[in-house]
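Given next are the chains, with one letter for each unit.
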Amino acid sequence: MRDIVIIGAGPAGLSAGIYGKRAGLDTVIIDESGIGGGQVLTTYDVDNYPGLPGISGMELGTKMHEHAIAAGVEFMEARVQGIEDGGNVKYVKTSSETVEAKTVIIATGAVHNHLGIPGEEELGGMGVSYCATCDGAFFRKRVTAVIGGGDVALEDAIFLARGCSKVYLIHRRDEFRGAKKLADIVKSTENIEILYDTVPDSIVGSDAVEGLNVHNVKTNETKTLTLDGVFIAVGTHPVTEYLKGVLDMDERGYIKADESCATSVPGIFAAGDVRTKQLRQIVTAASDGANAVTSAESYINNL
Ligand code: NAP
């Protein structure tokens with residue numbers, strides 16, 4: 001039986017792996033991609049991870065993966081289909097086998113919702129982004145659009161307006177879902193133009209984003225906005241489908257856990273973007289990995 005089975009090889013999972021091995025625990029990471037790094041790999045430039053200014057997401061994710069390998073963490077490439085709690089033993093079921101463990105750390109992250117419009121996937125990383133704080137700096141003095149009307153979209157628009165020459169905020173209704181305080185700032189920011197009742201139809205460009213086709217849902221008027229970047233902020237969803245009924249989750253599917261990473265089931269921990277938390281960033285995910293192992297170690301010591 002393993003001491004710790006970690007599910008997911010993003011920053012939370014890799015950090016947990018490194019801490020697990022350093023604690024002398026038998027630690028394995030199960031990840032379906034076979035490539036360590038997680039979402040970070042798709043971020044063009046990280047620039048907010050302390051000590052590594054300007055590092056690309058690909059390089060940081062790869063370095064974390066290499067660090068875990070060097071620490072002696074074992075990797076298993078498989079898709080986890082479910083976990084069964086058997087008290088002192090947890091059964092982690094993959095497509096090919098069932099792995100037994102004293103503790104499990106869930107680090108499967110969250111994924112941004114996509115719009116599913118033409119150009120979105122093709123221009124991903126070439127002007128289409130799901131993270132303004134990660135990629136906004138590349139659009140200084142340029143024109144961008146933010147899609148969405150929640151807190152994230154409002155915050156993104158405010159953040160981008162500090163550096164961009166102009167920001168279109170495109171929302172499908174005539175009223176924001178996000179906080180009034182943020183909406184008031186957006187409305188009073190000179191270089192933010194709000195397009196209410198408007199939905200994006202397609203993103204255009206060959207090697208980089210060049211424009212966005214939109215239409216007004218009330219008037220049916222269509223237009224093409226000439227711009228350099230499109231930031232999509234239409235919510236996220238955690239990767240927790242396979243855990244339904246096993247752990248307590250909030251109404252959006254995030255696993256309920258605090259900084260100790262302890263979940264509603266003793267011996268099962270949740271680290272990184274997959275858990276309820278204030279800020280989902282690489283640095284907070286890596287921090288969770290360390291906390292989860294500390295909690296797992298103390299759980300094992302009391303078995
Ligand atoms: P959200 O609150 O779910 O908002 C998503 C927005 O995207 C909504 O305005 C929604 O429009 C729009 N949308 C969804 N699907 C769309 C589509 N296919 N096409 C066009 N628009 C679409 O998500 P979020 O902004 O990511 O925030 C997530 C959670 O984090 C929220 O609970 C939020 O309060 C919280 N949060 C809080 C803070 C803070 O307190 N400072 C900061 C960030 C996030 P509709 O409004 O029409 O549904």
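Model, not experiment: these values are computed from the prediction.

What follows deals with unusual backbone geometry. In this structure, N220 is a non-glycine residue whose phi angle is positive, near 70°. Assessed through its relative accessible area of 57%, N220 is described here as exposed. Here the phi dihedral of C261 falls at roughly 70°; this positive angle occurs in a residue that is not glycine. Judged by its relative accessible area of 0%, C261 falls in the buried class.

Turning next to the packing of aromatic side chains. For the structure shown, the criterion picks out three aromatic pairs. Centroid distance F139 to F231: 5.4 Å. Interplanar angle 80°. Geometry classified as edge-to-face. With a gap of 92 residues between them, F139 in the loop between α3 (132-135) and β9 (143-147) and F231 in strand β15 (residues 229-232) connect regions that are remote in the sequence. We classify F139 as buried; its relative accessible area is 8%. Overall, the relative accessible area of 0% leaves F231 in the buried class. Seen in terms of ring centroids, F176 and Y196 are 5.5 Å apart; in terms of plane orientation they differ by 50°. Their pairing is tilted. A residue pair is termed long-range when its members are at least 10 positions apart, and F176 in the loop between β10 (166-170) and α5 (180-188) and Y196 in the loop between β11 (192-195) and β12 (198-204) qualify at 20 residues. The ring of Y254 carries the charged tip of R280 above its face, separated from the ring centre by 3.9 Å.

Secondary-structure assignment places S15 in helix α1 (residues 11-22). Once you skip the residues sitting within four places of it in the chain, S15 turns out to touch A286, G289 and A290.

This part takes up the pairing of β12. By the criterion of burial, β12 is predominantly enclosed, with five of the seven residues buried. Where β12 and strand β13 (residues 211-216) come together, six bridges link them in antiparallel fashion. From the neighbouring strand, V199 faces β13, where its bridge partner is H215.

Domain annotation for the protein chain reports domain 1 (2-112 + 236-301) and domain 2 (128-232). Here the C-alpha centroids of domain 1 and domain 2 sit 33 Å apart.

For any two helices packed against each other, the geometry comes down to the angle between their axes and how far apart the axes lie. Packing of α1 against helix α2 (residues 57-70) brings their axes to within 9 Å, and their N-to-C directions diverge by 25°. The orientation of α1 with respect to α2, classified from their angle, is roughly parallel. α2 is crossed by α1, and the crossing has left-handed handedness. Note on element contacts: α2 touches α1 through G61, M64, H65, H67 and A68, opposite P11, L14 and I18. Class assignment for the residues of the contact of α1 with α2 results in five nonpolar, three polar and no charged.

Around the ligand sit 15 residues, and of these D151, E155, R172, R173 and R177 come closest. Note that an oxygen atom of the ligand is positioned 3.0 Å from one of the backbone N or O atoms of G149. The contact in question runs from an oxygen atom of the ligand to an N or O atom on the backbone of G150, over 3.2 Å. Of the residues assigned to the shell around the ligand, the class counts are four nonpolar, five polar and six charged.

Before going further, it helps to spend a moment on the pattern of salt bridges. Following the criterion strictly, the structure yields 14 salt bridges and no others. Between R2 and D26 there is a salt bridge whose closest N-O contact spans 3.0 Å. Of this pair, R2 sits in strand β1 (residues 2-7) while D26 sits in the loop between α1 and β2 (27-31), and the two are 24 residues apart along the sequence. Where D184 meets K180, a salt bridge forms, and the shortest distance between an N and an O atom there is 2.7 Å. Of this pair, D184 and K180 both sit in helix α5, four residues apart, which is roughly one turn of that helix. Three or more residues joined by partner-sharing salt bridges are found here, namely R2, D26 and E74.

Thresholds, definitions, all that
- Residues numbered from 1 in each chain as written.
- Predicted model: local features only at pLDDT ≥ 70, side-chain atom pairs only at ≥ 80, totals over all residues.
- Heavy atoms only, no water.
- Buried < 20%, exposed > 50% of the residue type's maximum accessible area, 1.4 Å probe, protein only.
- Phe/Tyr/Trp six-rings, centres within 6.5 Å; stacked < 30°, edge-to-face > 60°.
- Helix = DSSP H or I, 4+ residues; strand = E, 2+ residues; numbered from the N terminus.
- Lys NZ or Arg CZ within 6 Å of the ring centre and 35° of its normal.
- Contact = heavy atoms within 4.5 Å.
- Pairing = 2+ DSSP bridges.
- Domains from an automatic or database assignment.
- Axes fitted to C-alpha atoms, helices over the stretch in contact; angles between N-to-C directions.
- Parallel < 35°, antiparallel > 145°, perpendicular 65-115°, else oblique.
- Left-handed = near helix turned anticlockwise from the far one by under 90°.
- Nonpolar A, V, L, I, M, F, W, Y, C, P; charged D, E, K, R; others polar.
- Near = heavy atom within 4 Å.
- Polar contact = N/O pair within 3.5 Å; in protein donor to acceptor, adjacent residues only side chain to side chain.
- Salt bridge = Lys/Arg side-chain N within 4 Å of Asp/Glu carboxyl O.

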